[in-house]
Amino acid sequence: MSDSSTQVVIIGGGPSGLLLSQLLHVRGINSVVLERKTKDYVLSRIRAGVLERGLLSLMREAGVSERMESEGLAHDGTLISYGDQMFRVDFKEHTGNSVMVYGQTEVTRDLYEAREKTGGKIEFNVEDVEIHNAKTDAPFVTHTQAGISHRINCDFVAGCDGFHGVSRKTIPQDLRKEYEKVYPFGWLGILSATPPVSHELIYANSERGFALCSMRNKNLSRYYIQCDLSDRPENWSDDAFWTELKRRLPADVAAKMVTGPSIEKSIAPLRSFVCEPMRWGRLFLCGDAAHIVPPTGAKGLNTAASDVNYLYNGLRKFYETGDTSGIDNYSAVALSRVWKAERFSWWFSSLMHRYPKQSDFDFKMQVAELEFLRSNQAAQQAMAENYVGLPY
Ligand code: FAS
Ligand code: PHB
């Protein structure tokens, strides 16, 4: 067993773990990132596309914002359609802020590059990760890599290992309260090297189900349609996808849709999930390890970033002054914002999707809510404040 030490062991080399590692490095705090997959595998996952202002400022503080600033697309609003109707919610007018369209894959790529440039310690293909003595002031993490056992002594462990990771399950089950809502549908998403149908995102509620028109850049589009949980990507030819997508959009939008071969096709299930607490002794949960949202409100990656913000500042305060207030308040402060993101994601998902066996009355409620949102500035302000990101 090889024995080493660091200040913070970070489990998970996704956006949460990498952003935390880079921010700690900027403050001279050492960490080791343990990732069970390869870097290429992590970068192959196509996920989020919209960044809140809070994540932008964290990327700047981490010194990783240059490519995002030059290649990302600032969006001042979004379009919402229902049937052939469509209206715009102006983020800039209501909040003075916009969002950045820049894929999670690129955020992760930029963070890997920064960590490699600054001598960051990232171990890939790790297995059997276990967290020990989290309730003491001398925790340690064991893992194996290429058949060799390792022990890393540390001050703190950041569980950034996603929904299926080991960190959340390290907190004794009788101390964890878990909240969950599973939605009766998924999202079938494709990536296509085609120009986006609109310069801003279009969230569409149609009688055939939800659709979303998004993008990664001016020649790379990201589209989603609501699908059954039993559906599989291989059930959908490209032609079938394009035909169905166009049927869910206003006719004038569908008419100008540029179609092409899919370069990625996948289905994501939709769920709302929160684990309380997000801290157990010297173990802190961040991101999907602690909570999941349906992607309708583009809050998954962004809520992971707000957790990182609170944990990074708490650890920084501890190491710089010995003050433990930031880490002691981490779970309560992070959860307060997590639940607001959960609410917004649940609200927007309930408004935009068609539910199996949805009654005519329920449908009329959706239309009434959409027409209220369309006509009421206060309603649009509330939506805009949530979408651009509530303050940290
Ligand atoms: P991640 O899951 O990204 O990263 C966790 C990392 O930990 C992974 O690399 C994993 O390999 C590693 N790991 C797991 N167990 C480990 C172990 N035992 N030891 C070591 N490493 C371990 N959000 C949006 O805002 N919009 C979207 O459209 C969207 N689409 C999504 C589609 C899918 C299929 C999924 C699963 C999520 C999607 N999300 C979306 C949410 C997503 O973006 C997450 O919020 C974001 O990846 C959270 O980042 P992390 O917390 O770093 O978790
Ligand atoms: C995306 O571009 O992948 C995306 C954008 C907005 C969402 C979800 C996904 O709400």
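Residues numbered from 1 in each chain as written. Chains lettered and ligands numbered in written order. Predicted model: local features only at pLDDT ≥ 70, side-chain atom pairs only at ≥ 80, totals over all residues. Heavy atoms only, no water.

(A) Molecular detail of the pairing of strand β7 (residues 85-90). Pairing geometry for strand β6 (residues 77-82) and β7, over six bridges, is antiparallel. Counted as the bridge partner of L79 is R88 from β7. (Pairing = 2+ DSSP bridges. Helix = DSSP H or I, 4+ residues; strand = E, 2+ residues; numbered from the N terminus.)

(B) Structural context of the domain arrangement of the protein. Split by domain assignment, the protein resolves into domain 1 (2-75 + 100-180 + 271-348) and domain 2 (183-269 + 354-388). Its C-alpha centre places domain 1 at a distance of 29 Å from the equivalent point of domain 2. With 25 residues of domain 1 in contact, the opposing surface of domain 2 contributes 22 residues. Taken together, the two surfaces of domain 1 and domain 2 that pack against each other cover about 2000 Å², and 62% of this comes from carbon and sulfur. For domain 1, the biggest contributors to the area lost against domain 2 are I46, H75 and W347; these three give 26% of the whole. Linking domain 1 with domain 2 are zero salt bridges. Linking domain 1 to domain 2 there are eight residue pairs in polar contact (both at pLDDT 80 or more). Counting only elements with at least two residues in the side of domain 1 that touches domain 2, the list comes to β5 (73-75), β18 (262-276) and α12 (330-352). Broken down by element, the residue count for the side of domain 1 that touches domain 2 peaks at six residues, all from α12. (Domains from an automatic or database assignment. Contact = heavy atoms within 4.5 Å. Buried area = accessible area lost by both parts, 1.4 Å probe. Salt bridge = Lys/Arg side-chain N within 4 Å of Asp/Glu carboxyl O. Polar contact = N/O pair within 3.5 Å; in protein donor to acceptor, adjacent residues only side chain to side chain.)

(C) Looking closely at the site of ligand 1. In the vicinity of ligand 1, 30 residues are found, and the nearest of them are S16, E35, R45, R47 and Q104. Contact between ligand 1 and S16: an oxygen atom at 2.7 Å from a side-chain N or O atom of the residue. Interatomic distance of 3.2 Å between a backbone N/O atom of R36 and a nitrogen atom of ligand 1. A total of 1000 Å² of accessible area belongs to ligand 1 in isolation, and the protein chains cover 86% of it. Counting only elements with at least two residues in the shell around ligand 1, the list comes to α1 (15-26) and α10 (300-321). Split by residue class, the shell around ligand 1 holds 14 nonpolar, eight polar and eight charged. (Near = heavy atom within 4 Å. Areas by Shrake-Rupley, 256 points an atom, 1.4 Å probe, with all protein chains shown as cover. Nonpolar A, V, L, I, M, F, W, Y, C, P; charged D, E, K, R; others polar.)

(D) Fine view of the state of the cysteines. One pass over the full model with this rule turns up zero disulfides. The closest cysteine sulfur to the non-disulfide-bonded C213 is located on C227, 16 Å from its own sulfur. Unpaired in terms of disulfides, C275 finds its nearest cysteine sulfur in C286, a separation of 13 Å. With relative accessibility at 0%, the residue C275 sits in the buried group. (Disulfide = S-S within 2.5 Å. Buried < 20%, exposed > 50% of the residue type's maximum accessible area, 1.4 Å probe, protein only.)

(E) Summary view of the sheet that holds strand β3 (residues 31-34). With mixed pairing, the six strands of this open sheet are ordered in space as β9-β3-β2-β13-β20-β19. At either margin of the open sheet sits one strand with a lone partner, and together these are β9 (121-123) and β19 (279-280). In terms of strand pairing, strand β13 (residues 156-159) meets strand β20 (residues 283-285) through three bridges, oriented parallel. Bridge pairing in β20 links V157 to L283. Against the sheet, α1 touches β2 (8-11), β3, β9 and β13, its axis set at about 160° to β2. (Axes fitted to C-alpha atoms, helices over the stretch in contact; angles between N-to-C directions.)

(F) Summary view of the site of ligand 2. The environment of ligand 2 is formed by 14 residues, the closest being Y203, S214, R216, Y224 and P295. One of the backbone N or O atoms of P295 is found 2.7 Å from an oxygen atom in ligand 2. In the model, an oxygen atom of ligand 2 is placed 3.3 Å from a nitrogen or oxygen of the A298 main chain. When the free accessible area of ligand 2 is taken as 280 Å², the share hidden by the protein chains comes to 98%. Taken together, the elements giving at least two residues each to the shell around ligand 2 come down to β16 (209-217) and β17 (220-227). Here the shell around ligand 2 takes three residues from β16, the largest share from any one element. For the shell around ligand 2, a count of residues per class yields eight nonpolar, three polar and three charged. Shared between two domains, the shell around ligand 2 holds at least three residues of each, these being domain 1 (2-75 + 100-180 + 271-348) and domain 2 (183-269 + 354-388).

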